[in-house]
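A look at the structure
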Amino acid sequence: IFHDVSDGTFEVILTSPTASSGIESEGSTVDIVAQCTQEASLTLFVNGVSLFDTLGSSLSYELVAESDGDYLIEVVASIDDLTSTASASFFVLPENAPVVAPPAGLKDGINYIDENTVILQWTAPYKDFVFAIGDFNEWALNGSSLMNDTGDGETFWLELTDLNPGEDYRYQYHIFPDDIRVADAYAEVILDKWNDPWIPESTYPNIPPYPGNLTSGPVSVFTPGQQAFDWSDADFVRPDQENLVIYELLVRDFSEERTLKFIEDSLDYLQNLGVQALELMPVNEFNGNDSWGYNPTFYFAVDKAYGTKDDLKSLVDACHERGIAVILDVVYNHADQPNPFITMYWEDGIVLPYNPWFNSSAPHTFQWFYDWNHGSEYTREFVKRNLKFWVDEFHIDGFRWDFSQGIIQQQGVDAGYSQQRIDWLKEYGDHVWNDDPSVYMILEHWCDYNEEVALANYNGQNGNAAGFMLWANAAHNYQEASMGYSDNNLSWANFQSHNFEDRHAVAYAESHDEERLMYKNLEFGNSTGNYDASDEVIALRRQQLTMAFNVLMPGPRMLWQFQELGYDYSINTCTNGITISDECRIVAKPVRWDYYEDNERRHLYDVTGAFGRLKRDYP
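This report concerns the structure included in the present document. (Residues numbered from 1 in each chain as written. Predicted model: local features only at pLDDT ≥ 70, side-chain atom pairs only at ≥ 80, totals over all residues. Heavy atoms only, no water.)

If you walk across this open sheet you meet the four strands as 7-8-11-10, and the pairing is antiparallel. For this open sheet the edge positions go to strand 7 (109–114) and strand 10 (148–149), each flanked by a neighbour on one side alone. (Pairing = 2+ DSSP bridges. Helix = DSSP H or I, 4+ residues; strand = E, 2+ residues; numbered from the N terminus.)

Okay, here's the thing in structure tokens:
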């Protein structure tokens, strides 16, 4: 804690008010107290008008804020030829925010008008005043930072001019009557005081410094006049979704570097596997730097722990150059703090019941973090905009919806049949498909059998959309077969077993959620005579057989990262394989690129690639 003290020279300071900007209500009394290093003539000025003077080493005055607006407090001390001035300011809130009609076509968040002008817009139902504070106004709460009411009483906007092209501007929204600050939910860069210092410069160069002496909490960033990414994928055509070979990958565990750049540099490896789609576990901002990503906070920002937004664009562009589509894992069932839509309506860890975006408690049995309310138009419009953002701005080819069972507001239904859930998912799908009918939509949808059929057989309101694909978890069956036990049946991996009209079952033997086949083989493999499925070489060769039955079955297939090398660390293994427990499930796992140099494991990779290319080239 730093506190300015006198250096021995003649000086006057204000001990009240002390803030460079503060908020008062009309009619309130503000105590003005000043101290001087020696007796002098002290004069109080308010907005340039002299109100009070005295002789001594201190000044006290009770100022009644009779009207709204900005108040500049100055105390001038003088003795002989010495003069010192101390100043502070505050803003008296008006009865209501000023109502000013905004320019046409604004959207919530950042509106780039030109390289020198930005308009910020923020929706905050049940709030009285919103200030836009940041580098553009010295983080001051005053009349110029008070946002205008569009006229609906809940949407606020402010025009910022004379900005410098290419400069990063840090900012927040300061909201009353709550007296809270939140970052912009629509910003593409978010600063975090606690987590950013741990991100290597090589991963994210020149992270804007956090304004620690000016504010607290997440800070958003906008950059007027920023250079647009130079795309080269205009001729890319998405592969037929009904024959996809999808490679699911967690950026954190794919390399020691934990970066999107590393993945781009490894695309030869994926292309040789015959991979047609790369599925990234969540890459938008999540809480902390080390996570699976299913604790999302800001949905329009790439998490800086993995790299810059241009790193993701570059990866997508490079994938498209090789004919590989990119699918994002998205989480619209729940979000984590400090999501601003939670923070604005949150008290003592509880979401307030009038929150326009989130439920106070989930209407379904399974609840993680804070539950989105898809019965709210605010939520549905946010989700639609976010989906379109990733397609338009990042050229993303599709989405894997985490726990789509949670897109529901009906109590007690859970996995039972819900027409409400079907209708909302169709609404989301149609919103994207009406612009681009070839975008992939994959649901992790553990629901009533007939509900899955209804979604899998839906081809959009115009009848020409790619339609929903659904995860088909056949891991247990493949594990039993791989270990050499007879009580297994692989038919669940076949779309016909689901009564789907088209090949819309994305079946897999491994995923981020399932135990690794090689671990199961090595620990529990069956044996007969001299043949032992737990022997490493035999176990790896049995993985080749698993690949044949999975990859070559009709319909889209999915591989989990390093499955093609026989990755054998349990999903519940902690660092260095020392401890196995449920708590270890989501911790980082050892990166074993050295497996690629092992002959038997490399052979599994080669066989997997042969099957992948066969499926790709001869569907």
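Side-chain alternation along strand 26 (residues 440–443) places Tyr440 and Ile442 on one buried face and Met441 and Leu443 on a second face that is also buried. Pairing analysis gives four bridges linking strand 25 (residues 398–401) to strand 26, with the strands arranged parallel. Looking across to strand 26, one finds that Gly398 is bridged to Tyr440. The β-α-β motif built from strand 25, the intervening helix 7 (residues 419–433) and the parallel element strand 26 has right-handed crossover chirality. Note that strand 26 and strand 27 (residues 468–473) share three bridges and pair parallel. Bridge pairing in strand 27 places Met441 opposite Phe468. Once you follow strand 26 into helix 8 (residues 449–456) and on to strand 27, the crossover reads as right-handed. (Buried < 20%, exposed > 50% of the residue type's maximum accessible area, 1.4 Å probe, protein only. Right-handed = clockwise from strand over helix to strand, strands pointing away.)

Take the sheet that holds strand 16 (residues 245–249) next. The strand order around the closed barrel built from eight strands is 16-17-20-25-26-27-28-31, with neighbouring strands paired in parallel fashion. Pairwise comparison of adjacent strand axes, ignoring direction, gives a mean angle of 25 degrees for this sheet. (Axes fitted to C-alpha atoms, helices over the stretch in contact; angles between N-to-C directions.)

For helix 11 (residues 536–551), built from 16 residues, the straight-helix expectation of 22 Å at 1.5 Å per residue is met to within 8% by its first-to-last C-alpha distance of 22 Å. Within the span of helix 11, buried status applies to Ile538, Ala539, Leu540, Arg542, Gln543, Gln544, Thr546, Met547, Asn550 and Val551. Put simply, Asp535 is the residue that caps the front of helix 11, since its side-chain oxygen is 3.2 Å from the backbone nitrogen of Val537. (Expected span 1.5 Å × (residues − 1). Polar contact = N/O pair within 3.5 Å; in protein donor to acceptor, adjacent residues only side chain to side chain.)

Attention now moves to the layout of surface pockets. If you add up the space inside the largest pocket, you get close to 840 Å³. Around the largest pocket, the lining is made up of 30 residues, and of these Tyr112, Glu188, Gln226, Lys309 and Lys313 lie nearest the centre. When residues of the lining of the largest pocket are traced back to their parent elements, those giving at least two are strand 7, strand 15 (219–222), helix 4 (309–321) and helix 6 (377–394). Considering each element in turn, the lining of the largest pocket owes the most residues, five residues, to helix 6. Grouping the constituent residues of the lining of the largest pocket by class yields 14 nonpolar, six polar and ten charged. (1 Å grid on protein atoms, 1.4 Å probe; cavity = no way out; pocket = protein on both sides within 12 Å on 5 of 7 lines; lining within 4 Å. Points joined across faces, edges and corners; volume = space filled by probe spheres on them. Nonpolar A, V, L, I, M, F, W, Y, C, P; charged D, E, K, R; others polar.)

Here the focus is the side chain of Thr259. Checked against the element boundaries, Thr259 lands in the loop between helix 1 (251–254) and helix 2 (260–265). Residue Thr259 is classed as buried on the basis of its relative accessible area, which comes to 10%. There is a polar contact of 3.1 Å between the side chain of Thr259 and the backbone nitrogen of Phe262. When near neighbours in sequence (up to four residues on either side) are disregarded, Thr259 contacts Thr203, Val251 and Tyr306. (Contact = heavy atoms within 4.5 Å.)

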